[in-house]
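If you want the building blocks of each chain, they are given just below.
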Amino acid sequence: MNSRVFTVGSLIPGRLIVKPQTSEPTDNKKNKIEEIIVEQNGSKIEIHHVKGKLLDAALDQGKQINYKCRKGTCGQCTVKVIKGPGLSAPNELEQKKLKNALTAGYRLACQTEIL
Ligand code: FES
């Protein structure tokens, strides 16, 4: 015997509630973006992938990075990128300041954008 009771309201189209069955993960593992790892003065610094300037992201996350001008002129914020997914291409200021060091992976944290 069927124990399910239908009422007039349950038969109205659109009122039937069907829970979608999904096999998608409930956490954010599938959307996880790799962390950025840079090195300055022999110290490795891990920075979470947050859009904006690399220097700002590091400072907001409590990471210690030397800097001074924030304008791309002093070079104090120079870091070597160990792992850098999603970073902008070097801008004119970085090309002018770092020259050949760019090809060795160095960047100005105040000029590098996390995309
Ligand atoms: S803080 Fe001076 S070049 Fe980045």
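Here the structure is a predicted model, which is why all the values come from computation and not from measurement.

(A) Structural detail: the overall build of the protein. Counting its regular elements, the protein contains two helices and six strands. Order of helices (α) and strands (β) in the protein, N terminus to C terminus: β-β-β-α-β-α-β-β. Among the 115 residues that make up the protein, the fraction classed as buried is 25%. Expressed as a percentage of contacts within the protein between residues at least 6 apart in sequence, the contacts between residues at least 24 apart total 54%. Accessible area of the protein: about 8600 Å², with a carbon and sulfur share of 51%.

(B) The arrangement of the confidence of the model for the protein in detail. For the protein, the mean per-residue pLDDT works out to 85, and 72% of the residues sit at or above 70. Segment residues 22-30: pLDDT under 50, and two contacts once partners within four positions in sequence are set aside and those in other chains are kept.

(C) Highlighting unusual backbone geometry. Unlike most non-glycine residues, Asn-41 shows phi in positive territory, near 50°. Assignment of secondary structure puts Asn-41 in the loop between β1 (36-40) and β2 (43-47).

(D) Geometry of the side chain of Gln-40. Note on placement: Gln-40 falls in strand β1. Given a relative accessible area of 7%, Gln-40 falls into the buried group. If near-sequence neighbours (up to four positions away) are discounted, Gln-40 is found in contact with Ile-45, Gln-64, Ile-65, Asn-66, Gln-76, Cys-77, Thr-78 and Val-79.

(E) Inspection of the sheet that holds β1 at higher detail. The strand order β2-β1-β4-β5 describes an open sheet built from four strands, whose pairing is antiparallel. Bordering the open sheet on either side are β2 and β5 (106-108), each of which pairs with just one other strand. The mean angle between the axes of side-by-side strands here comes to 40°, regardless of whether they run parallel or antiparallel. One ladder, built from three bridges, connects β1 with strand β4 (residues 78-83); its direction is antiparallel. Note that in β4 the partner of Glu-39 across the bridge is Lys-80.

Cut-offs applied
- Positions within a chain are numbered from 1, following the residues in the order the chain's sequence is written.
- Local features in a predicted model are, by the rule used here, given only for residues with pLDDT of at least 70; side-chain atom pairs are given and counted only at 80 or more, and totals for whole chains, interfaces and linings are based on all residues.
- Think of the side-chain values as coming from all heavy atoms in the structure, minus any hydrogens and water.
- Helix numbers and strand numbers start at the N terminus; a helix is a DSSP run of H or I with at least 4 residues, a strand a run of E with at least 2.
- Throughout, exposure labels follow a simple rule: accessible area from a 1.4 Å probe, protein chains only, divided by the maximum for the residue type, with under 20% read as buried, over 50% as exposed, and the rest as partly exposed.
- The contact criterion used is simple: two residues touch if any of their non-hydrogen atoms lie within 4.5 Å.
- Only the protein chains shown count as cover for residues, and all accessible areas are computed by the Shrake-Rupley method using a 1.4 Å probe.
- Values of pLDDT, the confidence the predictor places in each residue, fall between 0 and 100.
- Pairing between two strands is assigned when DSSP locates at least 2 bridges connecting them.
- Each axis is a line fitted through C-alpha atoms, taken for helices only over the stretch in contact, and angles between the N-to-C directions span 0 to 180 degrees.

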